[in-house]
Amino acid sequence: MGVEIERKFLLANEGWRGQGIATRMRQGYLVADPVRTVRVRIEGGRAVITIKGKTTGASRGEWEYDIPVFDATELLDGLCEQPQVEKIRHRIEHAGHTWEVDEFLGLNAGLVVAEIELGAEDEAFEKPDWIGVEVTGDKRYYNSSLIRQPYSQWPDKT
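Residues numbered from 1 in each chain as written. Predicted model: local features only at pLDDT ≥ 70, side-chain atom pairs only at ≥ 80, totals over all residues. Heavy atoms only, no water.

S.K.: Hey, could you run me through the overall build of the protein in this one?
M.R.: Per the secondary structure count, the protein includes 2 helices and 9 strands. Listed N to C, the secondary structure of the protein is β-β-β-β-β-α-β-β-β-β-α in terms of helices and strands. Taken over the C-alpha trace, the protein has a radius of gyration of 15 Å; the compact-globule value for 158 residues is 15 Å, and the two agree within 12%. A buried classification covers 43% of the 158 residues belonging to the protein. (Helix = DSSP H or I, 4+ residues; strand = E, 2+ residues; numbered from the N terminus. Rg over C-alpha atoms; globule rule 2.2 N^0.38 Å. Buried < 20%, exposed > 50% of the residue type's maximum accessible area, 1.4 Å probe, protein only.)

S.K.: What is the right way to read the pairing of strand β4 (residues 46–53) from this model?
M.R.: Summarising the sheet, strand β3 (residues 36–43) and β4 pair through 8 bridges and their orientation is antiparallel. Opposite E43, over in β4, you have R46 as the bridge partner. Linking two consecutive strands that pair antiparallel, namely β3 and β4, is a turn of 2 residues; a positive phi of about 65° is found at G44 within it. Here 6 bridges tie β4 to strand β5 (residues 59–67), and the two strands are oriented antiparallel to one another. Its bridge partner being in β5, T50 is matched across the sheet by E64. (Pairing = 2+ DSSP bridges.)

S.K.: Help me understand the environment of Q82 in this model?
M.R.: Here Q82 shows up in the loop between α1 (69–78) and β6 (85–94). Classification of Q82 by relative accessible area gives exposed; the value is 52%. Those residues in contact with Q82, other than ones at most four positions away along the chain, are L76 and I147. Among the polar contacts made by the side chain of Q82, one reaches the main-chain carbonyl oxygen of C80 at a distance of 3.2 Å. (Contact = heavy atoms within 4.5 Å. Polar contact = N/O pair within 3.5 Å; in protein donor to acceptor, adjacent residues only side chain to side chain.)

S.K.: What am I meant to see in the side chain of S59 here?
M.R.: Relative to the helices and strands, S59 resides in strand β5. Reaching out from S59, the side chain makes a polar contact with the side chain of E121 at a distance of 2.7 Å.

S.K.: For this particular structure, what's the right way to read the environment of A109?
M.R.: One can find A109 in the loop between β7 (97–104) and β8 (112–117). Its relative accessible area of 44% is what places A109 among the partly exposed residues. Between the alpha carbons of A109 and P150 there is a distance of 8.9 Å; along the sequence they are 41 residues apart. Not counting chain neighbours up to four residues away, the residues in contact with A109 comprise F104 and Y151.

S.K.: Mind showing me how you'd approach the side chain of E103 here?
M.R.: Of note, E103 is situated in strand β7. When its relative accessible area of 19% is taken as the criterion, E103 is described as buried. One polar contact links E103 to H90, side chain to side chain, over a distance of 3.0 Å.

S.K.: What is the right way to read the environment of W154 from this model?
M.R.: Along the chain, the position of W154 falls in the segment after α2 (143–146). Judged by relative accessible area, which is 5%, W154 ranks as buried. The spacing of W154 and I49 is 105 residues in sequence and 28 Å in space, taken between C-alpha atoms. Each residue touching W154, except ones within four places of it in the same chain, is listed here: R140, Y141, L146 and Q149. A distance of 2.9 Å separates a polar side-chain atom of W154 from the backbone oxygen of Q149.

Written out as structure tokens, the structure reads:
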């Protein structure tokens, strides 16, 4: 079984801008519930289907497989729940780790979060000065939650 250990943060400032490599992403969910998600994503010229289990702490089971972009487009256009999540992901190297800063578009425009994947929940890492408050356990910030309650509809955006 694959395991994803991920921590998520809000941004403290704009110091991340202009760093790293940016990739536009479009993703949709075939299944999006608290126990499991099945996601289809096109990122650049690559498409994947990802299955994730229930989150416990900062960890959850994860399996990801490449699929043809044509198939991913058909799934996104015909079977995935609406609305979909669109974002630009900025991959930024810092102190031996890759930070992924997601700048959301569409109904989630204005939301920007940073994630770091770790090898263990207690792994030490250095935060860049643009990292703010941790929101790892806050379900509002799950991509699968943003299809049901987009950021533009949040009454309190903190």
